[in-house]
Amino acid sequence: MVSLTDGQKATLSPEAIEFLTNIHHVPFAQILAPFIASPRRVPELRRGLVEKTAPGEAALIEKYGLVVEVVNIAGLSVAIITPANVKPEKQNKLVFNVFGGATIMGSPRDRGALTMAAELGVRVCSPDYTKAPEGRYPVARDQCLAVYRELIQKGLPGTSHSPSAPPVPINPADMYAMGSSSGAQVLVSMLLVARREGLPMPTAGLYLCTPALDLSGAGDSMTFNARDRDIMPVSLLTTMVTQNYVPLPGVEVDGMGFGGTTDPLYSPLYADYGNEDGAAPWFPRTVMTVGTRDFALSHGVRFYWKLREAGVEVELLVSEGMWHGFNWNPKVPEALTARVAVV
């Protein structure tokens, strides 16, 4: 179970206390993780996640009158989520969303994508990239990059929102980008490769939700939030990655560590975000949200300082007592407060 003392409860909402009280960890997770997260068990994990999240996603779609359509962009299925009423000032805006799920699970129409479409009043474009182990590193990154490239060069194909209008290239200044957990790793790595290719950045703004940006296993919170503070044992999460998201044959990565690699594309926290010539920062203005129980708290803190030192406009929002991925909870007041601050 999640550890929760009276002193800790004193700083949390009743809804957060109820949520944490109902969390039950896998017993002996550190010992069982290699079996639970083995590639042959991934389909079962995915089915379990779908069964758990599908009712909430359906409720969000109905509540906000969201329209979810699937189109083909750069040979990949992409979910386009359109709110019932796109805000007038957001008619030309688009959120490029990369969903998370420890590299092996997740959906392009997950709660994060649906919630942001509803609360921002803007269309969300969410690629259905190939998850691991079927899509090992860097498959997801390269698929998302292909979609991003086509959006800014050709635009969106027709949807019910614009059924007959010819595609118009998306202005990068009108594009937000969002990545949750492992989706943040895919997204930031994608932006690093996009810069190498000379592609423009999505400069409307970048949102990283409890970002997992260091796959080497390093970081203080990877230890102090490892066992009974976050909602899932860190040993299970890291094993999901190390057993399934290994690089494809022939893909070289540098700096193998105790849990993974410090290669700047595989673990983008180790990349360089500065400009040698003193020019304006190239990385988009960024806001990150983490919680004090979040195993990825250190990822957010370290990335904040890295971007700040590079001159990037960046904000880190740390929520008391919150867990990994808390942002999308529909009932916890702390989650609503964080989302309002981001928007």
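A quick note: this is a predicted structure, and the numbers were derived from the prediction, not measured. (Residues numbered from 1 in each chain as written. Predicted model: local features only at pLDDT ≥ 70, side-chain atom pairs only at ≥ 80, totals over all residues. Heavy atoms only, no water.)

**A closer look at the sheet that holds strand 7 (residues 286-291)**
Okay, step 1: Reading across the sheet, the eight strands line up as 1-2-4-3-5-6-7-8 and stay open at both edges, with mixed pairing between neighbours. Only two strands of the sheet have a single neighbouring strand rather than two, namely strand 1 (67-73) and strand 8 (314-319). Adjacent strand axes in the sheet meet at a mean angle of 20°, parallel and antiparallel pairs treated alike.
Okay, step 2: Sheet analysis places strand 5 (residues 175-180) next to strand 6 (residues 205-209), joined by five bridges and oriented parallel. In the strand pairing of strand 6, M178 is matched with Y207. (Pairing = 2+ DSSP bridges. Helix = DSSP H or I, 4+ residues; strand = E, 2+ residues; numbered from the N terminus. Axes fitted to C-alpha atoms, helices over the stretch in contact; angles between N-to-C directions.)

**Things to note about the environment of P172**
Okay, step 1: With respect to the helices, strands and loops of the structure, P172 is situated in the loop between helix 6 (139-153) and strand 5.
Okay, step 2: Between the C-alpha atom of P172 and that of Y148, which follows or precedes it by 24 residues, the distance is 9.7 Å.
Okay, step 3: Among all residues touching P172, those that are not within four sequence positions of it are Y148, I152, P200, M201, P202, T203 and A204. (Contact = heavy atoms within 4.5 Å.)

**Describing unusual backbone geometry**
Okay, step 1: A cis amide bond links A132 with the next residue in sequence, P133, at an omega value of 5°.
Okay, step 2: Tracing the backbone through its elements, the reader meets P133 in the loop between strand 4 (123-127) and helix 6.
Okay, step 3: Following Y137, the chain continues into P138 via a peptide bond in cis, with omega recorded as 5°.
Okay, step 4: Counting through the fold element by element, P138 comes out in the loop between strand 4 and helix 6.
Okay, step 5: Unusually for a residue other than glycine, T103 sits at a positive phi of about 75°.
Okay, step 6: The topology assignment puts T103 in the loop between strand 3 (94-98) and helix 5 (111-120).
Okay, step 7: Of note in this structure, T210 is not a glycine but carries a positive phi near 35°.
Okay, step 8: Among the structural elements, T210 can be located in the loop between strand 6 and helix 8 (221-224).

**Let's talk about the pairing of strand 1**
Okay, step 1: Sheet topology places strand 1 next to strand 2 (residues 76-82); seven bridges connect them, and they run antiparallel. From the neighbouring strand, I73 faces strand 2, where its bridge partner is L76.
Okay, step 2: Here strand 1 hands over to strand 2 after two residues, with A74 in that stretch at a positive phi of 55°.

**Observations concerning the nonpolar core**
Nonpolar side chains in soluble globular proteins tend to be buried together.
Okay, step 1: Within the largest apolar cluster, 71 residues are counted, with the highest numbers of intra-cluster contacts made by F96, L151, F283 and F303.
Okay, step 2: For this core, the leading source of residues is helix 7 (residues 182-196), giving nine residues.
Okay, step 3: Excluding residues within four positions of it along the chain, F283 makes contact with V188, L191, L206, Y273, F303, L307 and V312.
Okay, step 4: Counting residues in hydrophobic clusters, the runner-up holds 20 residues, among them L60, V95, A118 and L317. (Core = buried A, V, L, I, M, F, W, Y, C linked by side-chain atoms within 4.5 Å. Buried < 20%, exposed > 50% of the residue type's maximum accessible area, 1.4 Å probe, protein only.)

**Thoughts on the side chain of T115**
Okay, step 1: With respect to the element layout, T115 can be found in helix 5.
Okay, step 2: Those residues in contact with T115 that lie beyond four places of it in its chain are L60, W328 and R339.

**Comments concerning helix 2 (residues 14-21)**
Since the α-helix turns once every 3.6 residues, residues separated by three or four places project in the same direction.
Okay, step 1: Restricting attention to buried positions, one finds in helix 2 the residues A16, I17 and L20. Each buried residue of helix 2 lies within a common arc of 100° when the element is viewed along its axis, so the set occupies one face. Of the residues in helix 2, the exposed ones pointing more than 90 degrees away from the buried face are P14 and E18.
Okay, step 2: Along its buried surface, helix 2 packs onto helix 1 (6-9) and helix 11 (333-342). (Arc of directions from axis to C-beta.)

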